[in-house]
Amino acid sequence: MDTLRNCSSRGQYDELYRESVTEPEKFWSKLAKDFVWSADWSDSVSAFNFNTDVGKVDVSWFAGGKTNIAWNCIERNIERGCGEQVALIWEGNDVGEEGTKTYSELQADVNRLANWLKSVGVAKGDAVVLYLPMIMELPIAMLACARIGAVHSVVFAGFSSEALAQRLLGSAAKVVLTCSAVMRGSKHINLKAVVDEACDSSAEKGHKIEHCLCFMNERLDVEGFLTTSRDEHWQQAVHAQSMECTTEWVDAEHPLFMLYTSGSTGSPKGVLHTTGGYMVYAGATCASVFNMQQGDIFWCTADCGWITGHTYVTYGPLLNGAASVVFEGVPTHPDAGRCWQIVDKYNVKAFYTAPTAIRALQRYGNDFVLKHQRLSLKILGTVGEPINPEAWQWYSEIVGGGRCPIVDTWWQTETGGHMITPLPFAIEQKPGSATLPFFGVQPVLLNDAGEELTGEAEGYLCFKKPWPSMFRTLFSDHKRYEEAYFSMFKGYYFSGDGAKRDSDGYYWITGRVDDVINVSGHRIGTAEVESALVTHQECTEAAVVGIDHAIKGQSIYAFVTLREGCVLTEATKKALVNCVRTVIGPFAAPDTIQWAPGLPKTRSGKIMRRILRKIASREEDSLGDISTLADPSVVDALVKERSQ
Ligand code: 6R9
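What you see is a predicted model; the values in this text were computed from it and never measured.

One key point about sheets: their strands pair by backbone hydrogen bonds, in either a parallel or an antiparallel sense. Reading across the sheet, the seven strands line up as S6-S5-S18-S17-S19-S20-S21 and stay open at both edges, with mixed pairing between neighbours. Sheet topology places strand S6 (98–102) and strand S21 (406–409) at the edges, where each strand pairs with a single neighbour. In this sheet, neighbouring strand axes are inclined to one another by 20° on average, regardless of whether the strands run parallel or antiparallel. Note: strand S5 (residues 86–91) against S6, five bridges, orientation antiparallel. Across the sheet, the residue bridging to Val86 is Thr102, located in S6. Along the sheet, helix H13 (residues 338–346) makes contact with S5, S6, strand S17 (297–300), strand S18 (323–327) and strand S19 (350–353), crossing S5 at roughly 145°.

Shown next, in the form of structure tokens:
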């Protein structure tokens, strides 16, 4: 890993990159050897097939090798003499709420919880659902699953009970881990009630949750949170367990976790990641992109409910022996200086957040930043959506004081780790560009005909070769995996994003080319929001699009058609928004709801969202070709309706 950490010039990057793509086996095995394996992998480091004409899409890395990622995150550091070093730093919602865990303490907690999981029958390969806020028990629970070879499925604690129920069913988990309640900003959220509803709903559909372990949030007065016979009090149950737990050494290709994400069609997809390749890549990207060294203080503001939290709150930092900040609150509570106060409090070296947070904080003005020192900061990172150059400049000049490189990291739930990103001290940055591929990553831009474009170009962002942390399948739906990602361009993984390459070979992500909306860095499928809207009894049809939003990047604009005789009153709009909050969660709520006397459809009945996007963005002057519409007059009707 030191070779990666020491890469500090463009020449060194070019050289290492060349080696990574010409001799990937050598390159990746060298890095993998930094970790502890109980059995070596066989001769070939990786094997793959991306083309369904040739057979099943299949990817493997380090096959034959055996390892355990929890061991590599914990014992490997303890054996290096870092047991007393801090592994997790917890900062609560309110100022003054705080806590830490050393690597040795983490080991004890992980083992106790792993033993509890075993005591209720969780075995290697079983799924466990985690519905937890950002408290240290969340990374601890992930590691406890990994310790025994169980597969964690973290569900972001902002999802509704229906969305949680869907994921409980989807993963076939029998055990769920949660927390009594939590504060987010000034909002009190009763998580346990959400879990109860979800378990009941899942039981109605024939899937019974047998055990629910509930962490008692002692900061909040939640009486009677143990409501059913499946419930157990976390602290009491876990305290009774032994601190010793046998590590389950698993095959490199043993599933580590699944994580649901939104696609352009259908229900959310259970992206499945395996152990060995994910571990090596999470460790390598952290070492490189955040220049992470043992003992560093690293803060990624993402929630562990998303992939960014998996790789850059939990696994990556611990694999590098760093201390990872777990922040329960929001950046504007109690005021917009909270992040910089935390940076100073813990001497954070690298800070990693989403452009939406940067834009939101920028709006509060510079004073909130400038009243804190921020001298410990060396690297600033962004992820989740394209960053506009104004926000980039503000981040660089005001937050970073002009001293910190900005790493604009492009990647996805599916990719497991950074794919296109600057290395902080080796690659010159350009505001708004994710710059160049990470080691071993070979992006290609394709045109509509599936031809590779060379030089300066714009096209579909695809990958022809696998990288270690690539997802291996969609949980129990390999066919959908092939159809959703490998059928559009035979022989390529298609990311769903468009990108441009400039004359320096730098990549500029232009955003999703499918129907996925990116609100505040959260991926939301149009189909999911539409099916939530039509759960309202008066709503017969809905079509949603994303439109530009100054802070959130995109916001959701919904067109709805109601039953004959029904009127879209303010109350109905509210009720429709509530349907989305209930089915998905508050973060997916549309900002605008417009009545649609009809929707622009092709003769085959496909909604043309391109046209709706133009109408919603008030750009009807540039509608383009509407001749394929079954009824072109709906366009005028929608424009008229919008202006009312
Ligand atoms: C890690 C994560 C993935 C989608 C991706 C793209 C967008 C992420 C970006 C970016 C431009 C960046 N995206 N990082 N767009 N520049 N630096 O966010 O995963 O939630 O799966 O979202 O986010 O559109 O396809 P995920």
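That shown, we press on.
With that settled, the discussion passes to the site of the ligand. Close to the ligand lie 17 residues, the nearest being Asp408, Thr409, Thr413, Asp497 and Arg523. One of the backbone N or O atoms of Gly384 is found 3.0 Å from a nitrogen atom in the ligand. Asp408 is positioned such that a nitrogen or oxygen atom in its side chain is 2.7 Å from a nitrogen atom of the ligand. Burial of the ligand by the surrounding chains reaches 96%, relative to a free accessible area of 530 Å². Counting residues per element, the ones that place at least two in the shell around the ligand are helix H12 (307–319), S21 and strand S27 (507–512). Per-class residue counts for the shell around the ligand are six nonpolar, six polar and five charged.

Another aspect to go through is helix H5 (residues 75–82). Taken together, the buried positions of H5 are Glu75, Arg76, Asn77 and Cys82. Structurally, H5 contributes buried residues whose contacts are with helix H4 (69–73), helix H6 (103–119), helix H7 (137–148) and H12.

Before going further, it helps to examine the side chain of Asp502. Along the chain, the position of Asp502 falls in the loop between strand S26 (493–501) and S27. For Asp502, a relative accessible area of 15% puts it in the buried group. From its side chain, Asp502 meets the backbone nitrogen of Asp504 in a polar contact 2.8 Å long. When neighbours within four sequence positions are excluded, Asp502 is seen to be in contact with Lys430, Glu456 and Trp508.

On to the UniProt feature "domain: AMP-binding enzyme C-terminal" (unreviewed entry) in the protein chain. Annotation from UniProt places "domain: AMP-binding enzyme C-terminal" (unreviewed entry) at residues 528–606. The span residues 528–606 is 25% helix and 32% strand, and its two end C-alpha atoms sit 16 Å from each other.

The interhelical angle for the contact between helix H18 (residues 526–533) and helix H19 (residues 570–583), taken along N-to-C directions, is 120°, at an axis separation of 8 Å. Relative to H19, the element H18 lies oblique. The element H18 and its partner H19 pack so that their crossing is right-handed. Contact residues: H18 offers Val529, Ala532 and Leu533, while H19 offers Leu576, Cys579, Val580 and Val583. For the contact of H18 with H19, the residue count by class is seven nonpolar, no polar and no charged.

Attention now moves to helix H2 (residues 10–22). The terminal C-alpha atoms of H2, which comprises 13 residues, lie 18 Å apart, in line with the 18 Å expected from a rise of 1.5 Å per residue. Regarding H2, the residues found buried are Tyr13, Leu16, Tyr17, Glu19 and Ser20. The buried residues of H2 occupy one face: seen down the axis, they fall within an arc of 160°. Elements that come into contact with the buried residues of H2 comprise helix H1 (2–5), helix H3 (24–32) and strand S22 (443–446).

Right, let's talk about the nonpolar core for a bit. When a protein is soluble and globular, its nonpolar side chains tend to lie buried together. Of all hydrophobic cores here, the largest spans 170 residues; its most connected members are Trp28, Leu177 and Phe290. Looking at this core, you find at least three residues from each of domain 1 (1–330 + 405–513) and domain 2 (516–641). The contacts of Leu177, once residues within four sequence positions are left out, are Leu113, Trp116, Leu117, Val128, Val129, Leu130, Tyr131, Leu132, Ala141, Leu213 and Trp234. Core analysis: the next-biggest nonpolar cluster, separate from the first, contains 28 residues, Val325, Phe351, Val369 and Ile387 among them.

Turning to the pairing of strand S24 (residues 457–463), a few remarks are in order. Among the seven residues of S24, six are classified as buried, and the element is accordingly described as predominantly covered. Pairing of S22 with S24, which is carried by four bridges, proceeds in the antiparallel orientation. Considered in S24, the bridge of Val444 is made with Cys462. Here S24 pairs with S26 via six bridges, running antiparallel. Looking across to S26, one finds that Gly459 is bridged to Ala499.

Quick notes on the rules
- Residues numbered from 1 in each chain as written.
- Predicted model: local features only at pLDDT ≥ 70, side-chain atom pairs only at ≥ 80, totals over all residues.
- Heavy atoms only, no water.
- Pairing = 2+ DSSP bridges.
- Helix = DSSP H or I, 4+ residues; strand = E, 2+ residues; numbered from the N terminus.
- Axes fitted to C-alpha atoms, helices over the stretch in contact; angles between N-to-C directions.
- Contact = heavy atoms within 4.5 Å.
- Near = heavy atom within 4 Å.
- Polar contact = N/O pair within 3.5 Å; in protein donor to acceptor, adjacent residues only side chain to side chain.
- Areas by Shrake-Rupley, 256 points an atom, 1.4 Å probe, with all protein chains shown as cover.
- Nonpolar A, V, L, I, M, F, W, Y, C, P; charged D, E, K, R; others polar.
- Buried < 20%, exposed > 50% of the residue type's maximum accessible area, 1.4 Å probe, protein only.
- UniProt positions renumbered as here; feature names shortened; annotations may be inferred.
- Parallel < 35°, antiparallel > 145°, perpendicular 65-115°, else oblique.
- Left-handed = near helix turned anticlockwise from the far one by under 90°.
- Expected span 1.5 Å × (residues − 1).
- Arc of directions from axis to C-beta.
- Core = buried A, V, L, I, M, F, W, Y, C linked by side-chain atoms within 4.5 Å.
- Domains from an automatic or database assignment.

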